[in-house]
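Below, each chain spelled out in residue letters.
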Amino acid sequence: MTTALTLVASVGDDGDRILTVRGEIDMGNAGEFGAALERELAAGAALTVDLTGVTYLDSAGIAALFDRAADHELRLTAPRLLDRVLRVSGLTQVAKVTIR
């Protein structure tokens, strides 16, 4: 059973935007994820995407992040579960990634 996607936007102590993501990101909800990324990036120059609550990330979710990483400052905080997919996909080369 798929874990529902939850997206919560906030502002950190430094004034930068934070998008906290929980659940699974797949082709069924990657559009919603991408739209949330766009909204937050439009509101500020940098964005931290907290993926520590994500239990599954497929290629559609990776693509949503890649599509924005080239033109924006993305900082990803991710669980060890996602470490390998982020490294193999090359996202660690275009975004600052912190594994927790």
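Below is a short write-up of the structure. (Residues numbered from 1 in each chain as written. Predicted model: local features only at pLDDT ≥ 70, side-chain atom pairs only at ≥ 80, totals over all residues. Heavy atoms only, no water.)

## Considering the environment of Arg 17
Phase 1 of the analysis: Within the secondary structure, Arg 17 is located in strand S2 (residues 17-25).
Phase 2 of the analysis: You can call Arg 17 buried: its relative accessible area is 18%.
Phase 3 of the analysis: C-alpha separation for the pair Arg 17 and Ala 35, spaced 18 residues apart in sequence, amounts to 15 Å.
Phase 4 of the analysis: With sequence-adjacent residues up to four places away left out, Arg 17 is seen in contact with Ala 9, Ser 10, Val 11, Glu 40, Ala 43, Gly 44, Ala 46, Leu 47 and Thr 48.
Phase 5 of the analysis: Within polar-contact distance, the side chain of Arg 17 engages the side chain of Glu 40 at 2.6 Å. (Helix = DSSP H or I, 4+ residues; strand = E, 2+ residues; numbered from the N terminus. Buried < 20%, exposed > 50% of the residue type's maximum accessible area, 1.4 Å probe, protein only. Contact = heavy atoms within 4.5 Å. Polar contact = N/O pair within 3.5 Å; in protein donor to acceptor, adjacent residues only side chain to side chain.)

## Re the pattern of salt bridges
Phase 1 of the analysis: A complete count under the given rule lists 5 salt bridges for this structure.
Phase 2 of the analysis: Between Arg 68 and Glu 38 there is a salt bridge whose closest N-O contact spans 2.9 Å. Taken together, the residues Arg 68 in helix H2 (residues 59-69) and Glu 38 in helix H1 (residues 30-43) connect sequence positions 30 residues apart.
Phase 3 of the analysis: When its relative accessible area of 39% is taken as the criterion, Glu 38 is described as partly exposed.
Phase 4 of the analysis: Linking Asp 83 and Arg 87 is a salt bridge whose minimum nitrogen-to-oxygen distance equals 3.3 Å. Here the residue Asp 83 and the residue Arg 87 both occupy positions in helix H3 (residues 80-89), the gap between them amounting to 4 residues, near one helical turn.
Phase 5 of the analysis: Linked by salt bridges that have partners in common, Asp 16, Glu 73 and Arg 75 make up one network. (Salt bridge = Lys/Arg side-chain N within 4 Å of Asp/Glu carboxyl O.)

## Observations concerning the side chain of Asn 29
Phase 1 of the analysis: The residue Asn 29 is located in the loop between S2 and H1 in this model.
Phase 2 of the analysis: What makes Asn 29 buried here is its relative accessible area of 11%.
Phase 3 of the analysis: Setting aside its immediate chain neighbours within four residues, Asn 29 contacts Leu 5 and Glu 24.

## Section: the sheet that holds S2
Phase 1 of the analysis: Read from one edge of the open sheet, 5 strands run S1-S2-S3-S4-S5, paired in mixed fashion. In this open sheet, the two edge strands, each paired with only one partner strand, are strand S1 (6-11) and strand S5 (96-99). When strand polarity is set aside, the average angle formed by the axes of neighbouring strands in this sheet is 20 degrees.
Phase 2 of the analysis: Across 6 bridges, S1 lies against S2 in antiparallel orientation. (Pairing = 2+ DSSP bridges. Axes fitted to C-alpha atoms, helices over the stretch in contact; angles between N-to-C directions.)

## Let's talk about the pairing of S2
Phase 1 of the analysis: Burial runs high along S2: 7 of the 9 residues are buried.
Phase 2 of the analysis: Adjacent in sequence and paired antiparallel, S1 and S2 are bridged by 5 residues, among which Gly 15 carries a positive phi angle near 90 degrees.
Phase 3 of the analysis: Here S2 pairs with strand S3 (residues 46-57) via 8 bridges, running parallel. Following the sheet pairing, Ile 25 is matched in S3 by Leu 57.

Fair warning: the whole summary comes from geometry, so function is off the table for now.
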